[in-house]
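Coordinates in review
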Amino acid sequence: MAPDRKPDIGPGASAQPAAAQARPSWTQRAETAIGLLAEIPAAILVLAEIVILFAGIVARYVLHTPLVWSDELASILFLWLAMLGAVVAFRRGEHMRMTAFVNRASPARRAFLDMLAVSAALAFLLLILAPGWEYAVEEQFVTTPALEIPNIWRAAALPVCTALMIALALLRLLERAGWLTTLKAVGLVAAGVALLVVAQPLLATLGNANLLIFFVGIVALCVFTGVPIAFSFGLATYGYLSLTTSTPMMVVVGRLDEGMSHLILLAVPLFIFLGLLIEMTSMAQRMVAFLASLLGHVRGGLSYVLIGAMYLVSGISGAKAADMAAVAPVLFPEMRKRGADEGDLVALLSATGAQTETIPPSLVLITIGSVTGVSITALFTGGLLPGLVLALMLCTVVWWRYRGERLDGVRRAPRGEILRALVIALPALALPVVIRAAVVEGVATATEVSTIGIVYSTLIGLLVYRRFEWKRLWPMLVDTACLSGSILLIIGAATAMAWALTQSGFSTQLAQLMGSVPGGSATFMAVSIVVFVVLGSVLEGIPAIVLFGPLLFPIAQQMGIHEVHYAMVVILAMGIGLFAPPFGVGYYAACAIGRVQPDKGIRPIMAYLASIAVGLLVVAAIPWLSTGFLH
């Protein structure tokens, strides 16, 4: 998977005069206007959410007068933030999609597939526009308890932003490729929809075989042809419910709203922003500098630093791409100077991404808590040791690979230099401790604690490190909204799909099937590992856990498996899939951040992934590693 990029210009595109190319066309101007219409309020909403949630903490613990309306206002604004962020991601072409096959296609075929992705997304948006408006109108009769305002002010985000994305899709179809390429793509999508409508009488007689047609066939077809994942899920869900059931389509929009509106998910944009903030204030660099002074003189020392730095930074940002972007630029130049192989560098960076998936405040942990009801505090506590086990396994491979490394010219840092680096890094090293303590001690919820981290990082950047680039603040807010929108739209679409699967009786059948597997809990755990490795490589962690978490976690409990233990195992399994080539998007993100060609890291990463797999088996076999520190 990769962000949905803007389509290439197809061979059917007519050449434009140089003057016309220099002067933006009306479609480009319209697209820019819509972009600004979404970006400006989205960035303001990110800032507003930070202020509201932090004000709630101050009012509760400093002024002892809780703001009863703060969570409600945050929830109203959150849906607008999620949907406007989805619009920004659509305009930028950054909705998550699988591009493993698209990127191998010829330029002409790639242009067609890109147009096909836009056409499929447009089809879904057109289908839900009317139900979305109907849903918003119905919500005007619901009054919020604290602010006492009609809920249409919140629900209107769905049809309004759907309309904006429709406009962007139409503009893209008009602007980005030749008319013949566009016509073929639109015609193919329209023909597919028409074929399903005509086949409705037949589909009505197939029963649960429709689950295979829609949730396996159509989803796989859409995902592998490069349709963004959120829209692939949405099309399959809408098609199944509209053609094989009597469910009102307004329900699809309601489930979409429900999936995106969990207040706990507000931690997603806030931790994304926090990750960008610690990179901008150089807090991550200070941590890395301290670890490098401590271990830089030993064989493979900087590789150990990379593993340790990813462990520490993951405890701050919660987003793997942000973690890798904060650490790699600091370490890679020096590692290259020492003769490290580029393929090995990117392989280890990718492996540490998989290793740290359970380190709080991982966005996957927060998502699991949201969709399964598992305690976020328990997940935050249980994730530390499994990550440490995998770190030790990676260190074993590093030791073996670098046991003969020559260290000519590499000096050992004197104690004074190490101490000075420690003192400088202490404010940054304290941040993961502050975040975890605030959650465990009940000072703030998992949603609110990110605002404590943001305020803390801002103060450290301004007063201690004196590095705070105000001009980068606005782009950071827009980037936060964009990435959040793409993630949250997937969660909403996957929630609707999971609801449809549950209503079909699939969850009951799955429970019976998994419960009847010979070998009891051990076999169930082994099957879960294999399933989530595959899901992690194809769907990425968050969509996979939203879709299958509500189905499989109750089965695990019936098998006598502790919910936190099961969460750690499936997260690590998904991490292996997410960072394993040739499909894992995390691997390609690591290559992009490290500026290394993907083919160079495929062979070196195999040993690292094998060591992580061994670590995963250890975590699966010893529940205490996940549950030993739970109260």
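The coordinates are above.
Described in the following lines is the structure provided in the data block. Note that this is a predicted model, so its numbers are computed, not measured.

1. Focus on the overall build of the protein chain
For the protein chain, the helix and strand inventory stands at 29 helices and two strands. In the protein chain, which comprises 631 residues, the share counted as buried stands at 56%. Within the protein chain, contacts between residues separated by at least 24 positions form 83% of all contacts whose residues are at least 6 apart in sequence. Accessible surface for the protein chain amounts to roughly 25100 Å². Of this, 68% is attributable to carbon and sulfur atoms.

2. Topic: the pattern of salt bridges
Side-chain pairs of opposite charge can arise where the charged atoms are in close proximity. Inspection of every chain in the model, using the stated rule, returns eight salt bridges. In this structure, Lys600 engages Glu342 in a salt bridge whose closest nitrogen and oxygen atoms are separated by 3.5 Å. Separated by 258 residues along the polypeptide, Lys600 in helix α28 (residues 598–621) and Glu342 in helix α16 (residues 342–355) bring together distant segments of the chain. Overall, the relative accessible area of 43% leaves Lys600 in the partly exposed class. Connected via shared salt-bridge partners are Arg467, Glu469 and Arg472.

3. Considering the packing of aromatic side chains
As enumerated under the stated definition, the model contains nine aromatic pairs in all. Grouping aromatic residues by their ring pairs yields a cluster made of Phe90, Phe124 and Phe231.

4. Focus: a nonpolar patch on the surface
A cluster of nonpolar side chains, contributed by Leu459, Leu462, Leu463, Val464 and Trp470, occupies part of the molecular surface with about 520 Å² of accessible area. Among the secondary structure elements, Leu463 is positioned in helix α21 (residues 449–464). Judged by relative accessible area, Leu463 falls into the exposed class, the value being 62%.

5. Things to note about unusual backbone geometry
What is expected of a backbone is that most residues other than glycine have negative phi and most peptide bonds are trans. The backbone phi angle of Glu148 is positive, close to 55°, even though this residue is not glycine. Along the chain, the position of Glu148 falls in the loop between α4 (107–139) and α5 (152–155). Assessed through its relative accessible area of 60%, Glu148 is described here as exposed. A positive phi angle is found at Ser282, which is not glycine, with a value near 70°. Locating Ser282 in the fold gives a position in the loop between α12 (267–280) and α13 (283–295).

6. Let's talk about the nonpolar core
The biggest cluster of nonpolar side chains holds 213 residues, and the ones touching the most others in it are Phe231, Phe532 and Tyr566. Here this core gets 17 residues from one element, more than from any other, and that element is helix α22 (residues 473–503). Residue assignment places this core across two domains, with domain 1 (30–261) and domain 2 (266–404 + 411–628) each supplying three or more. Leave out the neighbours within four places in its chain, and Phe231 touches Phe90, His95, Ala121, Phe124, Leu125, Met165 and Leu489.

7. Structural notes on helix α7 (residues 179–198)
When the terminal C-alpha atoms of α7 are compared, their 28 Å separation across 20 residues agrees well with the 28 Å that a helix rising 1.5 Å per residue should span. For α7, every residue scored as buried is listed here: Thr181, Thr182, Ala185 and Val189. Down the axis of α7, the buried set is contained in an arc of 110°. They therefore lie on one face. Turned more than 90 degrees away from the buried face of α7 sit Trp179, Leu183, Lys184, Leu195 and Val198, all of them exposed.

8. Comments concerning the environment of Ala220
Residue position: Ala220 is located in helix α9 (residues 209–224). With a relative accessible area of 27%, Ala220 lands in the partly exposed category. Along the sequence, Ala220 and Phe233 sit 13 residues apart, while their C-alpha atoms lie 9.7 Å from each other.

9. So, the environment of Ile34
Topologically, Ile34 is positioned in helix α2 (residues 26–61). Using a relative accessible area of 13% as the deciding quantity, one classes Ile34 as buried. Sequence spacing of Ile34 and Val88 is 54 residues, and the spatial spacing of their C-alpha atoms is 8.9 Å. Those residues in contact with Ile34 that lie beyond four places of it in its chain are Leu164, Ala167, Leu168 and Leu171.

10. Overview of the environment of Val252
Checked against the element boundaries, Val252 lands in helix α11 (residues 250–260). Separated by eleven residues in sequence, Val252 and Leu241 have C-alpha atoms that sit 8.3 Å apart. Every residue in contact with Val252, bar those within four places of it in the chain, is listed here: Leu241 and Ala496.

Definitions and limits used
Residues numbered from 1 in each chain as written. Predicted model: local features only at pLDDT ≥ 70, side-chain atom pairs only at ≥ 80, totals over all residues. Heavy atoms only, no water. Helix = DSSP H or I, 4+ residues; strand = E, 2+ residues; numbered from the N terminus. Buried < 20%, exposed > 50% of the residue type's maximum accessible area, 1.4 Å probe, protein only. Contact = heavy atoms within 4.5 Å. Areas by Shrake-Rupley, 256 points an atom, 1.4 Å probe, with all protein chains shown as cover. Salt bridge = Lys/Arg side-chain N within 4 Å of Asp/Glu carboxyl O. Phe/Tyr/Trp six-rings, centres within 6.5 Å; stacked < 30°, edge-to-face > 60°. Patch = residues over 30% accessible without salt bridge, like charges linked within 9 Å, V, L, I, M, F, W, Y side chains within 5 Å. Core = buried A, V, L, I, M, F, W, Y, C linked by side-chain atoms within 4.5 Å. Domains from an automatic or database assignment. Expected span 1.5 Å × (residues − 1). Arc of directions from axis to C-beta.

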